Amino acid sequence: MTKTALITGVTGQDGSYLSELLLEKGYTVHGLVRRSSSFNTERIDHIYQGPQEPGRRFVLHHADLCDGVALVNLLREIQPDEVYNLGAQSHVRVSFDAPLYTGDATGLGSLRLLEAVRAAGIDTRFYQASSSEMFGATPPPQNEGTPFHPRSPYGAAKVYAYWSTVNYREAYGMYAVNGILFNHESPRRGETFVTRKITRAVARIKAGLQRELYLGNLDAVRDWGYAPEYVDAMWRMLQQDEPTDYVVATGVAATVREFLETAFGHAGLDWREHVRHDAKYERPSEVDALIGDASKAERLLGWKPEVRVEELARIMVDADVRQVTAELAGTAVRVDR
Ligand code: NAP
Ligand code: G4F
């Protein structure tokens, strides 16, 4: 039997990779898309299937995590076997500028979706995109038993969504799990997250389109993995006999400065000649160090990361160099695959 999945955040980095993975596995994939005044489907255009396409298995719906009634209607209509809640206002710095909206979309949005599953009266498995940002000020290494101490409105909203997911599992016997994912990146990463901001700048500096790159705190330590591997972990979490929560990480630490060294070095550039500081990119309260212990995921899911931070930086620089080259040549092609 073909399975059906609903993905919120389908237009985002993870949503696009997860859609590809599920389509390869034979799923019919439904994606929730926000209405926008301009196209916001660039990451999934290559798998788009129009309404007229016979036997289509990729279907997009307009809705929003802030609109609970639309979510109930959607779940009643689709009756998915699996729901992946990836939709969120996911930028930590922005969450200080838009704390209430972040709480609404990222925190309450998850509860709306859980409640919509219940209201629709359907039997479905639920994945919540939880985050290492929930650990915040608690020192590494962090695993499933590490106490949360969020340091941003985004982190606090994710803690709310985390506990809502646990509560629906305990209260209603729902198969609901939290994937506590550490930072994961790719050529599809949003351009304002630090890794992509750096690799895009490397490509533009190399091409003579830019000279300087303004950044905030270079001392932050992160555990950066490769997004296509992380969406595979999400899928595995929904295929188990019992629902439980998992950390997904590489266990390898690097500072923003070290990422700069690798990314600029890969293009034959010295980052010190180009990087400038701007306090605008610092956070009112920072998360100093996130390094994950994913031994539970390895033991129970058989999941193990392959790509480590240096290779990740090289993959992203190479993709951005191809992208800038194509843009300069006037070739309108996606070059990240
Ligand atoms: P992303 O690229 O920023 O994508 C976020 C997605 O959520 C986009 O499709 C966005 O739509 C959608 N969205 C935003 N507000 C929404 C709303 N009100 N209603 C419905 N959809 C909405 O994020 P990502 O990196 O793929 O991450 C996926 C999920 O994992 C997020 O929940 C994120 O917080 C979480 N997470 C990410 C990481 C990471 O390192 N990437 C780590 C841990 C957890 P538009 O395209 O229209 O903006
Ligand atoms: O790339 P970032 O913005 O990612 P951050 O804050 O770690 O959050 C990401 O990972 C979380 C998982 O841990 C996700 F839940 C979340 O949705 C998101 O995907 O910043 C990484 C580090 C921070 O310490 C930041 O202060 O880089 C530092 N940084 C320094 N200069 C900068 C900049 N970050 C950004 N975005 N832009 C800068 O100019």
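Everything that follows concerns the structure shown earlier in this document.
Per chain, residues are indexed from 1 in the order of the written sequence. In the order they appear in the text, chains get letters beginning with A and ligands get numbers beginning with 1. It should be noted that, the model being predicted, local features are given only for residues of pLDDT at least 70 and side-chain atom pairs only at 80 or more, the latter also being counted only at that level, while totals for whole chains, interfaces and linings use all residues. Hydrogen atoms and water are omitted, and side-chain values are computed over all heavy atoms in the structure.

Engineer: I keep staring at the nonpolar core and nothing clicks. Help me out?
Structural biologist: When a protein is soluble and globular, its nonpolar side chains tend to lie buried together. Only buried Ala, Val, Leu, Ile, Met, Phe, Trp, Tyr and Cys residues count toward a nonpolar core, and they belong to the same one when joined by side-chain atoms within 4.5 Å. The rule is simple: take the accessible area with a 1.4 Å probe, protein chains only, and divide by the maximum for that residue type; under 20% is buried, over 50% is exposed, in between is partly exposed. With 46 residues, the main nonpolar core has L18, L22, Y84, Y127 and M237 as its most contacted residues. Comment: elements are numbered from the N terminus, with helices defined as DSSP H or I runs of at least four residues and strands as E runs of at least two. A total of 7 residues in this core trace back to one element, the largest contributor, which is helix α7 (residues 227-237). Only heavy atoms matter for contacts: two residues are in contact if any of them lie within 4.5 Å across the pair. When near neighbours in sequence (up to four residues on either side) are disregarded, M237 contacts Y127, Y175, V177, N178, G179, L181, Y246, V248 and L301. Within the second largest apolar cluster, 25 residues are counted, among which are L215, L218, Y226 and L312.

Engineer: Looking at this structure, how should I read the site of ligand 1?
Structural biologist: Close to ligand 1 lie 26 residues, the nearest being T11, D14, R34, S90 and Y154. Identification of polar contacts relies on pairs of N or O atoms within 3.5 Å, with a donor-acceptor requirement for protein atoms, meaning one able to donate a hydrogen and the other able to accept it, and with residues adjacent in sequence counted only if both atoms are side-chain atoms. S90 is positioned such that a nitrogen or oxygen atom in its side chain is 2.7 Å from an oxygen atom of ligand 1. One of the backbone N or O atoms of H184 is found 2.9 Å from an oxygen atom in ligand 1. Using a 1.4 Å probe, the Shrake-Rupley method yields the accessible areas, and only the shown protein chains count as cover for residues. When ligand 1 is considered free in solution it has 900 Å² of accessible area, and contact with the protein chains removes 90% of it. For the shell around ligand 1, the elements supplying multiple residues, two or more each, are α1 (13-24), α4 (99-120), β5 (125-131) and α5 (153-172). With 3 residues, β5 is the single largest residue contributor to the shell around ligand 1. Side-chain classes are defined by residue name, with Ala, Val, Leu, Ile, Met, Phe, Trp, Tyr, Cys and Pro counting as nonpolar, Asp, Glu, Lys and Arg as charged, and the others, Gly among them, as polar. Looking at side-chain class alone, the shell around ligand 1 contains 10 nonpolar, 11 polar and 5 charged residues. The near set for a molecule or strand comprises every residue that places at least one heavy atom within 4 Å of it.

Engineer: Is there a simple way to think about the layout of surface pockets in this case?
Structural biologist: Empty space among the atoms can be located by rolling a probe the size of a water molecule over them. Of the pockets and cavities examined, the second largest pocket occupies roughly 280 Å³. The leading source of residues in the lining of the second largest pocket is strand β3 (residues 58-62), at 3 residues. Residues are said to line a cavity or pocket when one of their atoms sits within 4 Å of a point; the points come from a 1 Å grid over protein atoms alone, cavities being sets where a 1.4 Å probe fits but cannot get out and pockets being open sets with protein on both sides within 12 Å along at least five of seven lines. Grid points are joined across faces, edges and corners, and a volume is the space filled by probe spheres set on the points.

Engineer: Got a minute to help me understand the site of ligand 2 in this structure?
Structural biologist: Taken together, 24 residues surround ligand 2, and among them S131, S132, Y154, R283 and E286 come closest. In this structure, an oxygen atom belonging to ligand 2 sits 2.9 Å away from a side-chain N or O atom of R189. At a separation of 2.6 Å, an oxygen atom of ligand 2 approaches a polar side-chain atom of R283. For the shell around ligand 2, the elements supplying multiple residues, two or more each, are α6 (194-206) and β8 (213-215). Residue ranges assigned to the domains are those given by an automatic or database domain assignment. When residues of the shell around ligand 2 are sorted by domain, at least three fall in each of domain 1 (4-186 + 226-248) and domain 2 (194-221 + 253-290 + 307-329).

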